[in-house]
Amino acid sequence: MLGRILRQSGGISACRLIERRSLHVSRQLLAATSPRIVPISPSFFTKDPVGYDFSSYVESVLAAHENAVKKDTGAAFEPVSFEEYKNISGASTLKSYRRLVAALEQLAQYKPEYLSADAQELLTKFAKVQEGRVSNRKIRQLDEFGRAYGAGFRKEASAQVYVVKGTGQVLVNGKHLDVYFPRASDRARVVYPLEVVSGELQYNAFLVAKGGGTTGQADACALAIARALVVQNPGFKDILEESKCLFRDPRTVERKKPGRLKARKRPTWVKR
Amino acid sequence: SSRDEPFTEYELNARTNRFLELFGGMGSSIPERFSYKSQNTDPISPGQITISHLLAAGAHLGNNTEIFKKSMQPFIRGERAGLYIIDLEKTLTHLRRAAGVVRDVAQAGGLIVFVNSDELTRPHVAKAASLSRSPVISDRWIPGTLTNPRVFEGMQNVVKLSMSDNVLSTLSSTEHPAKPDVVIFFNTINNKTALRECASMNVPTIGIVDTDCEPGLVSYPIPANDDSVRAIQLIAGALGKAAQEGVEQRLS
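Residues numbered from 1 in each chain as written. Chains lettered and ligands numbered in written order. Predicted model: local features only at pLDDT ≥ 70, side-chain atom pairs only at ≥ 80, totals over all residues. Heavy atoms only, no water.

## A word on the overall build of chain B
Right, so step 1: Within chain B one finds 7 helices and 10 strands.
Right, so step 2: The buried share among the 252 residues of chain B stands at 49%.
Right, so step 3: For chain B, long-range pairs separated by at least 24 residues make up 58% of all intrachain contacts whose partners lie at least 6 apart in sequence.
Right, so step 4: Surface summary for chain B: the accessible area is close to 13,200 Å², and the carbon and sulfur share equals 50%. (Helix = DSSP H or I, 4+ residues; strand = E, 2+ residues; numbered from the N terminus. Buried < 20%, exposed > 50% of the residue type's maximum accessible area, 1.4 Å probe, protein only. Contact = heavy atoms within 4.5 Å. Areas by Shrake-Rupley, 256 points an atom, 1.4 Å probe, with all protein chains shown as cover.)

Shown next as structure tokens:
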């Protein structure tokens, strides 16, 4: 039997050795003649050994927190992206990423004082980096006199405004608000943004309105004032956004189409 | 304190002590209680497993009588509640035989591979395999693992070990693919490709066969319930322990 074993190239074939009788082979002889090839990683026969080994490690860390106390409330854990995970860990499959995310979401529910050092390291390493969005938009500032500029548009009308801290006077094209907008509804529209921020008596507005018609100019003025108020105090943005003062109404006159008399009006239908 | 007021801390402590004095010695003490949790860290060896253990783990519950492989007939004890009941005496003998195979292979320095098919049994099988530092296939047997070993993303390293587990050299798996010497399956139905590959490459296999499985597909079948996590934990632990014993005998 030993001769057959030794003639095998490389290592011992276990097929020949599956006999319940004991091996009477000297240990030194075996050591000298039968070195064997053994994989290092326990996940050698898988598609992603690094990923599987890492997942096993992460799940073992989680399993150690059986008796940890959970937080009362907590924000959901935001993990790094799959690409970033691959870079950090060296894994390649989505499966290992999903196992990591599931385990970290569990770990993030526990109170920090009950987390082991390994758990804390994993949570910081694979947490999404919160970056503020870098915007290239130019933000308007108050000028040297404390004036905030705003421009508004509605249909064919446009309005420009300078809003400055004052007592509540509103001038449109040099005229008083009541004079320029005789209709109460138009006046209400124009000062609505100031009402929303409770600043009717705190700001003065100087408006220049052009184009369009009465209502169009009124809406344009309202939008201009709203935009200027945001420049005056960026804290007003939320409330103005919520009350839709910063919404630029995109509705315009619909074009005339061929085969029709106006945008929608059709010529009289004739039977024949 | 008066009868209306709640107990002070001192009184509570005194009452607790008195209670323990009077009643502490009462009740039953259960020595050597079997715990499934400690099964992973210190499993029962195959020589110590009894039919009671297998019964408690639900290893005797076969599948529905309607999905039945006739070649499993020798292992069936009877029928109950629409299921075939597996004869646990046969389970035990076959388990001990398979454990002996695993022990001998480990003692001779062979490579034992555990193949797990279910997510629930993954930690148990992994722990059993780690006792002898054996590889585990956790999810899916990649077709061609034996017949067409490929280079996966990232080169893998293997080591050349002596019989006393001294590292002789570190090699690349592309030139020296590691070949298993016995493969252990815990579900034969989901691993048909793997079983076929092992058979074609002359690798002996051990597997848990349920009443709807073909026992002839594996070299050493163990008739048992493959749906019960407890049963698989028990059997994986026994085989892992056998491998550990084999390794210890080799190194001593």
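## Re the sheet that holds strand β3 (residues 157–165) of chain A
All names here are of chain A.
Right, so step 1: Strand order across the open sheet formed by 5 strands is β2-β3-β6-β4-β5, with mixed pairing between neighbours. Taken across any chain shown, the strands that pair with only one partner, and hence form the sheet edges, are β2 (148–154) and β5 (175–176).
Right, so step 2: Here β3 runs beside strand β6 (residues 203–210); their pairing, made up of 8 bridges, is antiparallel. Across the sheet, the residue bridging to V163 is A205, located in β6. (Pairing = 2+ DSSP bridges.)

## Thoughts on helix α4 (residues 88–107) of chain B
Along an α-helix, residues three or four positions apart point the same way, because every turn accommodates 3.6 residues.
Residues and elements named next belong to chain B.
Right, so step 1: Taking 1.5 Å as the rise per residue, α4 with 20 residues should run 28 Å; its terminal C-alpha atoms sit 28 Å apart, in good agreement.
Right, so step 2: Among the 20 residues that make up α4, 14 are buried, leaving the element largely enclosed by the rest of the structure.
Right, so step 3: Two or three places before E89, at the start of α4, stands the capping residue D87, its side-chain oxygen 3.2 Å from that residue's backbone nitrogen.
Right, so step 4: One or two residues past the end of α4 sits G109, with phi positive at roughly 90°. (Expected span 1.5 Å × (residues − 1). Polar contact = N/O pair within 3.5 Å; in protein donor to acceptor, adjacent residues only side chain to side chain.)

## Looking at the confidence of the model for chain B
Right, so step 1: Looking at chain B, the pLDDT average stands at 90 and 98% of residues meet or exceed 70.
Right, so step 2: The complex prediction reports pTM at 0.66, with the ipTM value standing at 0.80. (pLDDT = per-residue confidence, 0-100.)

## Re the nonpolar core
Right, so step 1: Core analysis: the biggest nonpolar cluster contains 39 residues, and I112, I206 and L239 of chain B have the highest contact counts within it.
Right, so step 2: Of all the elements in the fold, those that place two or more residues in this core are α3 (51–57), α4, β4 (112–115), α5 (122–130), β8 (182–185), β9 (205–209), β10 (220–223) and α7 (229–251) of chain B.
Right, so step 3: When near neighbours in sequence (up to four residues on either side) are disregarded, I206 of chain B contacts A98, V101, V102, V182, V183, I184, F185, V218, Y220, I222 and L239 of chain B.
Right, so step 4: Counting residues in hydrophobic clusters, the runner-up holds 33 residues, among them A159, I225, L229 and V231 of chain A. (Core = buried A, V, L, I, M, F, W, Y, C linked by side-chain atoms within 4.5 Å.)

## Points about the interface of chain B and chain A
A common measure of how large an interface is: the accessible area buried when the components associate.
Right, so step 1: In this assembly, 44 residues from chain B lie in contact with 32 residues from chain A.
Right, so step 2: Interface of chain B and chain A: buried area, both sides summed, is about 3,300 Å²; carbon and sulfur atoms make up 63% of it.
Right, so step 3: Counting the contacts that link chain B with chain A gives 2 salt bridges.
Right, so step 4: Taking the shortest distance from any N to any O, the salt bridge between R122 of chain B and E59 of chain A comes out at 3.8 Å.
Right, so step 5: Ranked by residue count, the leading element in the side of chain B that touches chain A is α4 of chain B, at 7 residues.
Right, so step 6: Here the side of chain B that touches chain A is built from residues that sort into 20 nonpolar, 12 polar and 12 charged.
Right, so step 7: Both strand β1 (residues 36–39) of chain A and strand β6 (residues 157–161) of chain B contribute to a ladder of 4 bridges, which runs antiparallel. Bridge pairing links I37 of chain A to K160 of chain B in β6 of chain B. (Buried area = accessible area lost by both parts, 1.4 Å probe. Salt bridge = Lys/Arg side-chain N within 4 Å of Asp/Glu carboxyl O. Nonpolar A, V, L, I, M, F, W, Y, C, P; charged D, E, K, R; others polar.)

## Section: the packing of aromatic side chains
Residues and elements named next belong to chain B.
Right, so step 1: Counted under the stated rule, the structure contains 14 aromatic pairs over all chains.
Right, so step 2: A centroid spacing of 6.4 Å and a plane angle of 20° characterise the contact between F114 and F186, whose relative ring orientation is stacked. Separated by 72 residues along the polypeptide, F114 in strand β4 and F186 in the loop between β8 and α6 (192–200) bring together distant segments of the chain. Here F114 matches F186 in class, with each residue buried. (Phe/Tyr/Trp six-rings, centres within 6.5 Å; stacked < 30°, edge-to-face > 60°.)

## Comments concerning unusual backbone geometry
The phi angle of most residues is negative, glycine excepted, and most peptide bonds adopt the trans form.
Right, so step 1: Positive phi, normally seen in glycine, also occurs at K155 of chain A, with a value near 50°.
Right, so step 2: Residue position: K155 of chain A is located in the loop between β2 and β3.
Right, so step 3: Its identity as a non-glycine residue notwithstanding, A81 of chain B has a phi of 55°, on the positive side.
Right, so step 4: With respect to the helices and strands, the residue A81 of chain B is situated in the loop between β2 (76–80) and β3 (83–86).
Right, so step 5: A81 of chain B gets classed as exposed once you look at its relative accessible area, which sits at 77%.

## What about the pairing of β2 of chain A?
Residues and elements named next belong to chain A.
Right, so step 1: Burial of β2 is extensive: 5 of the 7 residues sit out of reach of the surface.
Right, so step 2: Pairing of β2 with β3, which is carried by 7 bridges, proceeds in the antiparallel orientation. Bridge pairing links G150 to V161 in β3.

## Comments concerning the pairing of β8 of chain B
All names here are of chain B.
Right, so step 1: The two faces of β8 match: V182 and I184 on one face and V183 and F185 on the other face are all buried.
Right, so step 2: One ladder, built from 4 bridges, connects β4 with β8; its direction is parallel. Bridged to V113 within β8 is V183.
Right, so step 3: As judged from the 3 bridges shared by β8 and β9, these two strands associate in the parallel manner. From the neighbouring strand, F185 faces β9, where its bridge partner is G207.

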